[in-house]
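Given next are the chains, with one letter for each unit.
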Amino acid sequence: MELTNLSVIKDILTRHGFHFSKSKGQNFLTQAWVPQRIAEDAGVDQSCGVLEIGPGMGPLTQQLCLRAGKVVAVEVDKKLQPVLAETLGEFDNLQIIFDDVLKQDIPSLVREQFGSLRPKACANLPYYITSDILAALLEAKCFETVTVMVQKEVAQRICAKPGTEAYGAFTVFCQYHAVPEILFDVPAGCFIPQPKVTSAVLHLTVRKEPVCPIGDEKLFFRVVRASFANRRKTLVNGLMSAFGQLGKESLLGCITACGLPENVRGENLSIAQFAALADEIGKLLA
Ligand code: SAM
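As the structure is a computational prediction, the values presented were derived from the model and not from experiment.

Rules behind the numbers
- Residues numbered from 1 in each chain as written.
- Predicted model: local features only at pLDDT ≥ 70, side-chain atom pairs only at ≥ 80, totals over all residues.
- Heavy atoms only, no water.
- Phe/Tyr/Trp six-rings, centres within 6.5 Å; stacked < 30°, edge-to-face > 60°.
- Helix = DSSP H or I, 4+ residues; strand = E, 2+ residues; numbered from the N terminus.
- Buried < 20%, exposed > 50% of the residue type's maximum accessible area, 1.4 Å probe, protein only.
- Salt bridge = Lys/Arg side-chain N within 4 Å of Asp/Glu carboxyl O.
- Near = heavy atom within 4 Å.
- Polar contact = N/O pair within 3.5 Å; in protein donor to acceptor, adjacent residues only side chain to side chain.
- Areas by Shrake-Rupley, 256 points an atom, 1.4 Å probe, with all protein chains shown as cover.
- Nonpolar A, V, L, I, M, F, W, Y, C, P; charged D, E, K, R; others polar.
- Domains from an automatic or database assignment.
- Contact = heavy atoms within 4.5 Å.
- Buried area = accessible area lost by both parts, 1.4 Å probe.
- Axes fitted to C-alpha atoms, helices over the stretch in contact; angles between N-to-C directions.
- Parallel < 35°, antiparallel > 145°, perpendicular 65-115°, else oblique.
- Left-handed = near helix turned anticlockwise from the far one by under 90°.
- Arc of directions from axis to C-beta.

**Some points on the packing of aromatic side chains**
Scanning all chains against the criterion turns up 11 aromatic pairs. Centroid distance F18 to F28: 6.0 Å. Interplanar angle 20°. Geometry classified as stacked. Note that F18 is positioned in the loop between α1 (6–15) and β1 (28–29) and F28 in strand β1, a separation of 10 residues in sequence. Just as F18 is buried, F28 falls in that class too. An angle of 50° between the planes, with centres 5.7 Å apart, marks the rings of W33 and F184 as tilted. Highlighted residues: W33 in helix α2 (residues 33–41) and F184 in strand β7 (residues 178–186), separated in sequence by 151 residues. Residue W33 is classed as partly exposed on the basis of its relative accessible area, which comes to 37%. In this structure an aromatic cluster arises from ring pairing among F170, F173, Y176, F220 and F221.

Printed below as a string of structure tokens:
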């Protein structure tokens, strides 16, 4: 079934009385090359178990099912149940869970559903919860790769280099867990209804080893968040917002102990420099 053909989409959705929900981030694909390329570029084959988020009426799911050993798709909108039964009923390597992906215990789900298959995550994400879903997928620490369509601007932020405007706490979070790469852009005209923004497909290769030694992961991310809390402030002033009890002089000591100038801004630090800074702050907190 040609699930990206506009007249097929309209026919199926009308017959099932389905209406798009803006609040659920529903923008369905209308160009066959997009889901084909996502599934291909994600490197999905019979040895893989793929978790898909938000199958919609199933164009990407279909491409994944044609390639993967098993696909588990999580869709929050129960009104899509009869639609998906019609569009994807032929696949016996597919299981659909009608629930909120953010309520799933992803590591257990992957363990139980995929066994010895190589776990991958793929999705055309609902944009209103992109960061929450990406955080959940990366923190699950169980996927080889995560290949997702997101707003182009978000993809650029995730891939940003230190010292650029796009570099922020979420960049550090993603690059700590994975090596991100933008694969290709997807224009707004490839969806129904059309979003207001250009999209991009992002491929994240999850790191098997940490990017650098991190003593205390929780403290590391507290330091990162504080460092970007106010971009107009210097690093020390940002750090004061979270670690004020240590005093400005001690925090300046931590910064210079890492070989950084006192007036440095958080956005100029690499992940390794944030790690060194967190270790210095950790010594004061111990
Ligand atoms: N994969 C389809 C496609 O490419 O045409 C639909 C993509 S659409 C951008 C996002 C999908 O995510 C919608 O089907 C929406 O109902 C679903 N969704 C939204 N919030 C969700 C959540 N919290 N958990 C699971 N699915 C969700």
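**Some thoughts on the pattern of salt bridges**
Tallied over the entire structure, the rule returns nine salt bridges. What you see here is one network of salt bridges that share partners, running through D11, R15 and E86.

**Brief notes about the site of the ligand**
Neighbouring the ligand are 24 residues, the closest being G54, E75, D100, N124 and Y128. Y128 is positioned such that a nitrogen or oxygen atom in its side chain is 2.9 Å from a nitrogen atom of the ligand. Burial of the ligand by the protein amounts to 99% of the accessible area it has alone, namely 600 Å². The set of elements that each furnish at least two residues to the shell around the ligand consists of β1 and β3 (70–75). Residues of the shell around the ligand, tallied by class, amount to 12 nonpolar, six polar and six charged.

**What to know about the domain arrangement of the chain**
Entries for the chain in the domain assignment read domain 1 (6–206) and domain 2 (217–285). The interface is formed by 13 residues belonging to domain 1 together with 13 residues belonging to domain 2. A buried area of about 970 Å², summed over both sides, lies between domain 1 and domain 2, and 67% of it is on carbon and sulfur atoms. Sorting the residues of domain 1 by area buried against domain 2 places Y167, V172 and Y176 first, and these three jointly supply 49% of that buried surface. Between the two partners, domain 1 and domain 2, sit one salt bridge. Between E217 and K141 there is a salt bridge, and its shortest N-O distance comes to 3.5 Å. Put simply, domain 1 and domain 2 have six residue pairs in polar contact (both at pLDDT 80 or more) between them.

**Describing the packing of α2 against helix α3 (residues 59–67)**
The N-to-C vectors of α2 and α3 enclose an angle of 40°; their axes lie 8 Å apart at closest approach. With respect to their mutual orientation, α2 and α3 come out oblique. Along this stretch, α2 crosses α3, giving a crossing that reads as right-handed. Every residue of α3 that contacts α2 at P35, Q36, I38, A39 and E40 is listed here: P59, L60, Q63, L64 and R67.

**Things to note about helix α10 (residues 235–243)**
All of the buried residues along α10 are L235, V236, G238, L239 and F243. Projected down its long axis, α10 carries its buried residues within an arc of 155°, all on one side. Summarising the contacts, the buried residues of α10 are in contact with α9 (217–227), α11 (248–257) and α12 (271–285).

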